[in-house]
Amino acid sequence: MDKELMIQKLMREIEMDFSFDLRLGLIDRIKFNNIMKSEAEQLRERSYSEIERLFFRAAA
């Protein structure tokens, strides 16, 4: 599977986790966007095998 595709799917999982906090008012939209941007950057810096491990852990 393509690294970018796995990152996109991981980002959807992360978005679901933090969107709950956003809906509850625990974080604001700016903080939510900053978290998502930071997470995406961190994932893109990782190697293919690291992303693959994260992806399959999230899928389990």
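The rules we used
- Here the residue numbers are simple positions, counted from 1 along each chain's written sequence.
- Residues qualify for local features only when their pLDDT is at least 70, as the model is predicted, and side-chain atom pairs are given and counted only at 80 or more; totals for whole chains, interfaces and linings, by contrast, use all residues.
- Remark: hydrogens and water are excluded; side-chain values derive from all non-hydrogen atoms of the structure.
- Helix and strand definitions follow DSSP, with helices as H or I runs of at least four residues and strands as E runs of at least two, each counted in order from the N terminus.
- Relative accessibility decides the category of a residue: with a 1.4 Å probe and only protein chains considered, values under 20% of the type maximum give buried, values over 50% give exposed, and everything between is partly exposed.
- Any two residues whose heavy atoms approach within 4.5 Å at even a single point are treated as in contact.
- Here the Shrake-Rupley method, with its probe set to 1.4 Å, supplies the accessible areas, and only the displayed protein chains count as covering residues.
- For the purposes of this section, nonpolar cores are sets of buried Ala, Val, Leu, Ile, Met, Phe, Trp, Tyr and Cys residues that join through side-chain atoms within 4.5 Å.
- Geometry of aromatic contacts follows a simple scheme: Phe, Tyr and Trp rings, the Trp one being its six-membered ring, pair when their centres are within 6.5 Å, and the pair is stacked under 30 degrees between planes, edge-to-face over 60, tilted otherwise.
- Put simply, a patch holds well-exposed residues, over 30% relative accessible area, that have no salt bridge, with like charges counted together within 9 Å and Val, Leu, Ile, Met, Phe, Trp or Tyr side chains within 5 Å.
- Each salt bridge in this description consists of a side-chain nitrogen of Lys or Arg and a carboxyl oxygen of Asp or Glu lying within 4 Å of one another.

*Asks:* Explanation requested: the overall build of the protein in the structure shown.
*Replies:* When you go through the protein residue by residue, the secondary structure sums to 3 helices and 0 strands. Start at the N end of the protein and walk to the C end: the helices and strands fall as α-α-α. When burial is assessed residue by residue, the protein has 25% of its 60 residues classed as buried. Contacts in the protein between residues at least 24 apart in sequence constitute 66% of all its contacts with a sequence separation of at least 6. A total accessible area of about 4500 Å² is found for the protein, and carbon and sulfur atoms account for 52% of it.

*Asks:* I tried to follow the nonpolar core on my own but got confused; where do I start?
*Replies:* When a protein is soluble and globular, its nonpolar side chains tend to lie buried together. By size, the foremost hydrophobic cluster in this structure holds 14 residues, and its most contacted members are M11, L43 and I51. Those elements that place two or more of their residues in this core are helix 1 (3-24), helix 2 (29-45) and helix 3 (48-59). By residue number, the principal contributor to this core is helix 1, which donates 6 residues. With sequence-adjacent residues up to four places away left out, L43 is seen in contact with K3, I7, L10, M11, I14, I51 and L54.

*Asks:* Looking at this structure, how should I read the packing of aromatic side chains?
*Replies:* Working definition: an aromatic ring pair is given by the centre-to-centre distance plus the angle between the planes. A full pass over the atoms with the stated rule returns 1 aromatic pair. Pairing F55 with F56 gives two aromatic rings, centres 5.2 Å apart and planes at 75 degrees, and the pair type is edge-to-face.

*Asks:* Please clarify how a nonpolar patch on the surface should be interpreted in this entry.
*Replies:* Together, M1, L5 and Y48 give the surface a local cluster of nonpolar side chains, amounting to about 270 Å² of exposed area. Secondary-structure assignment places M1 in the segment before helix 1.

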